[in-house]
Amino acid sequence: MSDELKINVEGVGELAVDEDGFIEDPGKWSEAVAKHLAGTEGVTELSEDHWKLVNYLRNYYMEFNIAPMIRKLCKETGFNLKKVYELFPSGPAKGACKVAGLPKPTGCV
Amino acid sequence: MTDNVKKHETPLLDELLKGPWPSFVKEFKTLQDKKAVANDLLGQLEYSYKTKLGYWKHGGIVGVMGYGGGVIGRYSSLAEMFPAVKHFHTIRVNQPAGWFYTSKALRTLCDIWEKRGSGITNMHGSTGDIVFLGTNTEELEPIFEELTKEGFDLGGSGSNLRTPSCCNGQARCEWACYDTMGLCYDLTQTFQDELHRPQFPYKFKIKMAGCPNDCVASIARSDLSIIGTWRDNIQMDQSAVLKYASDGLDIQKIVVMNCPTKCLDWNGKELKIDNSNCVKCMHCINVMPKALAPGKDRGATVLLGSKAPIIEGAMLSSVLIPFIKLEPPFKELKDVIGRIWEPWAEHGKNRERIGEFIERVGKGNFLEEVGIDPVPEMVKHPRENPYIFYDEYLEDE
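These numbers were taken from a predicted model, which means no experiment stands behind them. In this numbering scheme, every chain counts its residues from 1 along its sequence in written order. All chains are assigned letters beginning at A, and all ligands numbers beginning at 1, according to the order in which they are written. Reporting in this predicted model follows two pLDDT cut-offs: at least 70 for local features of residues, and 80 or more for side-chain atom pairs to be given and counted; totals over whole chains, interfaces and linings ignore these cut-offs and use all residues. Values shown for side chains rest on all heavy atoms present in the structure; no hydrogens or waters enter the calculation.

Chemist: Explain the overall build of chain A to me, using residue names and the numbers behind them.
Modeler: Helices and strands together make up the secondary structure of chain A, namely five helices and two strands. Here a strand is any run of E in DSSP of at least two residues, a helix any run of H or I of at least four, and the numbering for each starts at the N terminus. Shown N-terminal to C-terminal, the secondary structure of chain A runs as helices and strands in the order β-β-α-α-α-α-α. We compute the radius of gyration over the C-alpha atoms and compare it with the globule rule, which gives 2.2 Å times the number of residues raised to the power 0.38. Expected size for 109 residues packed as a compact globule is a radius of gyration near 13 Å; at 13 Å, chain A falls within 12% of this value. Principal-axis analysis of the C-alpha atoms places the extent of chain A at approximately 40 × 30 × 25 Å. Only protein chains enter the accessibility calculation, which uses a 1.4 Å probe; a residue whose area is less than 20% of its type maximum is buried, one above 50% is exposed, and one in between is partly exposed. The proportion of buried residues among the 109 residues of chain A is 47%.

Structural data, given as structure tokens:
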């Protein structure tokens, strides 16, 4: 069962992930990791717009140690919510944050 | 469940089978032979009772493509002991307005859920949704596909508009002052994006009650409470009032004395109502339904801000619009909803409910942003602080 909680990224090696597939150590994130994680969220290719969103999330996280609120994300990237879901169909929290290597956003049900 | 898997012993849970009331333990046990997940669920719960600790990890993020809400991720931290509940995700399914089903619809829901999940449901959760309890991540997309094929959709979870919910209104109740089910359906369709794609600081609930009896407890359980009311006089049939009296109802004691604003007067022959002082508490109408009824000029009061305690204590909704007519396409109401979301979504803190937001920024500032003029009905409570500086006093200085 425990092999489920690791991913094997080509050129990077094995990385520990949690049950939802978020990488356990955000420090180990790289573009190769992002590409691998994108595949698990229904994103086959990372376009320029994908990277714009991913890089915004990473920079915000590195500055504030937390993921931005969605409205802020939309405003600062210029993408509306519809566009964000087009880029990451599983949504900004599950999809984009995972690909950007952020820790799992905590939320109340 | 295969024969070599042992049924968990549950002596502590079995205590809950005693007594005349319904028991979830009994329901789980009916599935214990069929479903390993029901067996392990009982096993983990029994273990929890023994150790007095919980074993559900909090905060899983799972979902279906295109939606940011509707599924709540749950994992057991005792997966080695209870492998069948390693994943135990909850799915919220948008309930029909007023919770009316055909038996075919119920069977369809149960068939899907028995095939792809634990078979355990909660009809209904406190938000109003049909709640499916316990499935694996791999089953989520197939469940979503099968539900939508049958005309069902997921409900809300997370920081989005939660599934709007209403009392069964005009379908069953002559006191409904507007079509709660019609409005509920309309708002659900109008705000699909807000319902499925979290974009608020925190959850936002809308509940619709047809009259001030508020059977869905909207005033305590929804950020936006839309409660039916009327603005003309209570309809009265004096002969039916006399009939209640001759049948032995003590109108003075049971009805008149219990009127909170003392606007009733009974002389033994005639009941008089001072409608200008009526606060629409419904007491007299509830006691004498054959003699009294809400007026004919009906609509609703829109209230804002209730919530259960987390950051602040529990709050009740307070008046935003004293009276609004509610007829399709409900344009005025929808417009107001959009306007109250705007300042909250823009300036609200993470996990701040709109009631807390209004307390923080001040109702005056909030109303100004929303573009609604303050009116006396909005006053929640008389001022307790006697040190008041009026504008004209300050101007004199």
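Chemist: Quick one: what's the story with the sheet that holds strand β3 (residues 90–93) of chain B, residue by residue and with numbers?
Modeler: All names here are of chain B. Strand pairing is assigned whenever DSSP identifies at least 2 bridges connecting the two strands. Read from one edge to the other, the open sheet built from five strands follows the order β1-β2-β3-β5-β4, with strand pairing classed as antiparallel. Whereas interior strands pair on both sides, the edge strands pair on one side only; in this sheet they are β1 (56–60) and β4 (120–123). Mean inter-strand twist for the sheet, computed between neighbouring axes without regard to direction, equals 25°. Two strands pair when backbone bridges link them, and β3 and strand β5 (residues 130–133) are joined in this way by four bridges, in the antiparallel orientation. Residue pairing in the sheet places I91 in a bridge with F132 of β5. Contacting β3, β4 and β5, helix α4 (residues 103–116) runs over the sheet at an angle of about 20° to β5. All axes here are fitted lines through C-alpha atoms, helices being fitted over the stretch that makes contact, and every angle between N-to-C directions spans 0 to 180 degrees. Throughout, a contact is declared for two residues whenever any of their heavy atoms are within 4.5 Å.

Chemist: Kindly report on the packing of aromatic side chains, identifying the contributing residues and their values.
Modeler: Planes of paired rings set the category: under 30 degrees apart is stacked, over 60 is edge-to-face and the rest tilted, where pairs are Phe, Tyr or Trp rings (Trp by its six-membered ring) whose centres lie within 6.5 Å. Tallied over the full model, the rule gives 15 aromatic pairs over all chains. Between the aromatic rings of F204(B) and W341(B), the centroid separation amounts to 5.6 Å while the plane-to-plane angle is 85°, which identifies the pairing as edge-to-face. With a gap of 137 residues between them, F204(B) in the loop between α8 (192–196) and β7 (206–209) and W341(B) in helix α13 (residues 331–347) connect regions that are remote in the sequence. W341(B) gets classed as buried once you look at its relative accessible area, which sits at 6%. Each residue in the set F191(B), F200(B), F204(B), W341(B) and W344(B) is aromatic and connected to the rest through ring pairs, giving one cluster. Charges are assigned to positions over rings by a cutoff of 6 Å between ring centre and Lys NZ or Arg CZ, combined with an angular limit of 35 degrees from the ring normal. Lying over the aromatic face of F79(A), K52(A) brings its terminal NZ or CZ to 4.9 Å of the ring centre. A cation over a ring is seen here: K83(A) above F79(A), with NZ or CZ 5.9 Å from the ring centre.

Chemist: Mind laying out the interface of chain B and chain A, listing which residues take part and the relevant values?
Modeler: Often the size quoted for an interface is simply the accessible area lost on bringing the parts together. Residue-level contacts link 34 residues of chain B with 24 residues of chain A. What gets called buried area is simply the loss in accessible area from a 1.4 Å probe that two parts show on being joined, summed for both. A buried area of about 2,300 Å², summed over both sides, lies between chain B and chain A, and 54% of it is on carbon and sulfur atoms. Of all residues in chain B, I61(B), M65(B) and R197(B) give up the largest surface area on contact with chain A, accounting jointly for 26% of the area buried on that side. Between Lys or Arg on one side and Asp or Glu on the other, a salt bridge is scored when a side-chain nitrogen of the former is within 4 Å of a carboxyl oxygen of the latter. One can count four salt bridges joining chain B with chain A. A salt bridge links E19(A) to K57(B); its shortest N-O distance comes to 2.3 Å. When residues of the side of chain B that touches chain A are traced back to their parent elements, those giving at least two are β1, β2 (71–76) and α13 of chain B. Residue contributions to the side of chain B that touches chain A peak at four residues, all from β1(B).

Chemist: With reference to specific residues and values, describe the nonpolar core.
Modeler: Formed by 39 residues in total, the largest nonpolar core has its most connected members in F204(B), I226(B) and I340(B). Mapped by element, the contributors of at least two residues to this core are α7 (180–190), β7, β8 (224–230), β13 (298–304), β14 (318–324), α13, α14 (354–361) and α15 (363–370) of chain B. It is α13(B) that contributes the most residues to this core, seven residues altogether. Beyond its immediate stretch of four places on either side in the chain, I226(B) contacts Y178(B), L183(B), L187(B), I206(B), K207(B), M208(B), A209(B), S218(B), A300(B), T301(B), L326(B) and L333(B). In this description, a nonpolar core means a group of buried Ala, Val, Leu, Ile, Met, Phe, Trp, Tyr and Cys residues linked to one another through side-chain atoms lying within 4.5 Å. Counting 34 residues, the second largest nonpolar core, distinct from the first, contains L15(A), A38(A), Y60(A) and L81(A).

Chemist: Describe the sheet that holds β14(B), listing the residues and the values that go with them.
Modeler: Residues and elements named next belong to chain B. Spatially, the five strands line up as an open sheet ordered β6-β7-β8-β13-β14, and their pairing is mixed. Whereas interior strands pair on both sides, the edge strands pair on one side only; in this sheet they are β6 (165–166) and β14. Relative to β8, β7 is paired through four bridges, and the arrangement is parallel. Paired with M208 across the bridge in β8 is I226.

Chemist: Account for the state of the cysteines, with residues named and values stated.
Modeler: Counting rule for disulfides: a pair of cysteine sulfur atoms within 2.5 Å. In the structure shown here, the tally under the stated rule is zero disulfides over all chains. Here C278(B) stays unpaired: no disulfide links it, and the sulfur of C263(B), its closest cysteine neighbor, is 5.0 Å away.

Chemist: Tell me about α15(B), and please be specific about residues and values.
Modeler: All names here are of chain B. Those residues of α15 lying buried are F366, L367 and V370. Down the axis of α15, the smallest arc covering the buried residues is 95°, so these residues share one side. Opposite its buried face, α15 presents the exposed residues E368 and E369, each directed more than 90 degrees away. G371 occupies a position one or two residues after α15 and carries a positive phi of about 80°. In this context, the arc is that of the directions from the helix axis out to the C-beta atoms.

Chemist: Could you give an account of the pairing of strand β2 (residues 13–16) of chain A, naming the residues involved and the relevant values?
Modeler: All names here are of chain A. As defined by bridge partners, strand β1 (residues 6–9) adjoins β2 across four bridges and the pair is classed as antiparallel. In the sheet register, V9 faces β2, and the bridge partner there is G13. Connecting β1 to the antiparallel partner β2 that follows it, the hairpin turn spans three residues, and G11 within it adopts a positive phi of roughly 80°.

Chemist: Which residues make up the pattern of salt bridges, and what values go with them?
Modeler: Per the counting criterion, the structure on display carries 28 salt bridges over all chains. D18(A) serves as the salt-bridge partner of K104(A), at 3.1 Å between the closest nitrogen and oxygen. Highlighted residues: K104(A) in the segment after α5 (91–99) and D18(A) in the loop between β2 and α1 (31–40), separated in sequence by 86 residues. Residue classification places D18(A) among the buried residues on the basis of a relative accessible area of 14%. Linked through salt bridges whose partners overlap, the residues forming this network are R71(A), K75(A), E342(B) and E346(B).

Chemist: Which residues make up the packing of helix α2 (residues 48–64) of chain A against helix α3 (residues 70–77) of chain A, and what are the values?
Modeler: Each pair of packed helices can be described by the angle between their axes along with the distance between the axes. Residues and elements named next belong to chain A. Closest axis-to-axis distance for the α2/α3 pair is 11 Å, and the angle between their directions is 120°. By the criterion of interaxial angle, the relationship of α2 to α3 is oblique. Both α2 and α3 take part in a crossing whose hand is right-handed. Between α2 and α3, the residues in contact are K52, L53, Y56, L57 and Y60 and K72, L73, E76 and T77, respectively. Each residue receives one of three labels: charged for Asp, Glu, Lys and Arg, nonpolar for Ala, Val, Leu, Ile, Met, Phe, Trp, Tyr, Cys and Pro, and polar for the others, Gly being one of them. Of the residues assigned to the contact of α2 with α3, the class counts are five nonpolar, one polar and three charged. The labels follow the angle: roughly parallel below 35 degrees, roughly antiparallel above 145, roughly perpendicular from 65 to 115, and oblique for the rest. For any helix crossing, the convention is left-handed if the near helix is rotated counterclockwise from the far helix by under a right angle, and right-handed if that rotation is clockwise.

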